[in-house]
Amino acid sequence: MRSYESLVQTLHQFAEKAKDKPLTVGEALDTLDEAGYAFICIILVMPFLQPIPLGPFTVLGGIAFGTLGWQLLRGHESPILPKKILAIEFNEKTWRMLVKVCIEILGLCRKISKPRYPMIAEGRRGQKIGGFILLAAGGLMAIPFGVLPFNNFLPGLAILFYCIGELEDDGLMYLIAFFWLIITVIYFTVFFFALWYFGEKALAFFNIL
């Protein structure tokens, strides 16, 4: 498990390496020595923590998180990402932006996070719970909603809080991750219901005409 300080230091190194040419996700992760799932996911989730939909990139990210979640559930020690994710390039400006966002968010989370509820966060049980969170959040993120706001942000929050919980051995953060999964399901359900309801109304209106 890598510490918060190690995470921040590594992100700064990514930005420095991107000075000469854009750094791919694969090249960045290749510099990590047996990085854990949470450490990799917290780097990958940063671009999704915004309300603006990212289109196909959101779907691709969801597939990546779902893949990592499945691997974690199966007990794989070393996470493996799809090649399309590894090939994504970020320039120096983007990496520095990710560093800034990461530091601000993690700094805030660390103020409320501490080791607690070890029965949730530690051992094989913690791995299975974390795997389920990643798989569920990735699956929700991969749903192609197009222009629906927050379709990457809400499941991204679930992933973020799982990562914080894993890095800090905080079972409460796992529970908060589940909270955001539930909020995401409710939000998407309301959207689908509204789409169906108003679609029915529109069809009825045109049939009358």
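Engineer: I tried to follow the environment of Ile-183 on my own but got confused; where do I start?
Structural biologist: Tracing the backbone through its elements, the reader meets Ile-183 in helix 10 (residues 171-208). For Ile-183, a relative accessible area of 29% gives the class partly exposed. Residues Ile-183 and Pro-155, 28 residues apart in the sequence, show an inter-C-alpha distance of 8.8 Å.

Engineer: Could you clarify how one ought to interpret the packing of helix 3 (residues 37-45) against helix 4 (residues 56-73) in this entry?
Structural biologist: Between two packed helices, the angle of one axis relative to the other and the distance separating the axes together describe the packing. Interaxial distance between helix 3 and helix 4 falls to 11 Å at its minimum, and their mutual angle equals 170°. In terms of axis orientation, helix 3 runs roughly antiparallel to helix 4. Contacts from Tyr-37, Cys-41, Leu-44 and Val-45 in helix 3 reach Phe-65, Leu-68, Gln-71 and Leu-72 in helix 4. Residue composition of the contact of helix 3 with helix 4, by class: seven nonpolar, one polar and no charged.

Engineer: Explanation requested: the confidence of the model for the protein chain in the structure shown.
Structural biologist: Any region with low pLDDT has predicted coordinates that should not be read closely. Per-residue pLDDT for the protein chain has a mean of 82; in total, 89% of the residues score no lower than 70. Averaged over each element, pLDDT in the protein chain is lowest for helix 1 (residues 4-17) (74) and highest for helix 8 (residues 123-141) (91).

Engineer: Would you take a moment to explain the packing of aromatic side chains for this structure?
Structural biologist: Aromatic ring pairs: the centre-centre distance and the angle between the two ring planes describe each pair. For the structure shown, the criterion picks out nine aromatic pairs. Pairing Phe-48 with Phe-57 gives two aromatic rings, centres 5.2 Å apart and planes at 15°, and the pair type is stacked. Accessibility expressed as a relative area gives 3% for Phe-48, which makes it buried. Here a set of aromatic residues connected by ring pairs shows up, and it is made of Phe-150, Phe-153, Tyr-187 and Phe-188.

Engineer: Looking at this structure, I do not really get unusual backbone geometry. What am I missing?
Structural biologist: When glycine is set aside, most residues are seen to have a negative phi, and most peptide bonds are trans. Backbone geometry places Phe-150, a non-glycine residue, at a positive phi of 70°. Judged by relative accessible area, Phe-150 falls into the partly exposed class, the value being 34%. One non-glycine residue with positive phi stands out, namely Asp-169, at about 55°. Position of Asp-169 relative to the elements: it lies in the loop between helix 9 (153-168) and helix 10.

Engineer: Would you take a moment to explain a nonpolar patch on the surface for this structure?
Structural biologist: Among the surface-exposed residues, Phe-193, Trp-196, Tyr-197 and Phe-198 lie close enough to one another that they form a single nonpolar patch of about 490 Å² accessible area. Summarising the element assignment, Tyr-197 is placed in helix 10. Overall, the relative accessible area of 35% leaves Tyr-197 in the partly exposed class.

Conventions adopted
Residues numbered from 1 in each chain as written. Predicted model: local features only at pLDDT ≥ 70, side-chain atom pairs only at ≥ 80, totals over all residues. Heavy atoms only, no water. Helix = DSSP H or I, 4+ residues; strand = E, 2+ residues; numbered from the N terminus. Buried < 20%, exposed > 50% of the residue type's maximum accessible area, 1.4 Å probe, protein only. Axes fitted to C-alpha atoms, helices over the stretch in contact; angles between N-to-C directions. Parallel < 35°, antiparallel > 145°, perpendicular 65-115°, else oblique. Contact = heavy atoms within 4.5 Å. Nonpolar A, V, L, I, M, F, W, Y, C, P; charged D, E, K, R; others polar. pLDDT = per-residue confidence, 0-100. Phe/Tyr/Trp six-rings, centres within 6.5 Å; stacked < 30°, edge-to-face > 60°. Patch = residues over 30% accessible without salt bridge, like charges linked within 9 Å, V, L, I, M, F, W, Y side chains within 5 Å. Areas by Shrake-Rupley, 256 points an atom, 1.4 Å probe, with all protein chains shown as cover. Salt bridge = Lys/Arg side-chain N within 4 Å of Asp/Glu carboxyl O.

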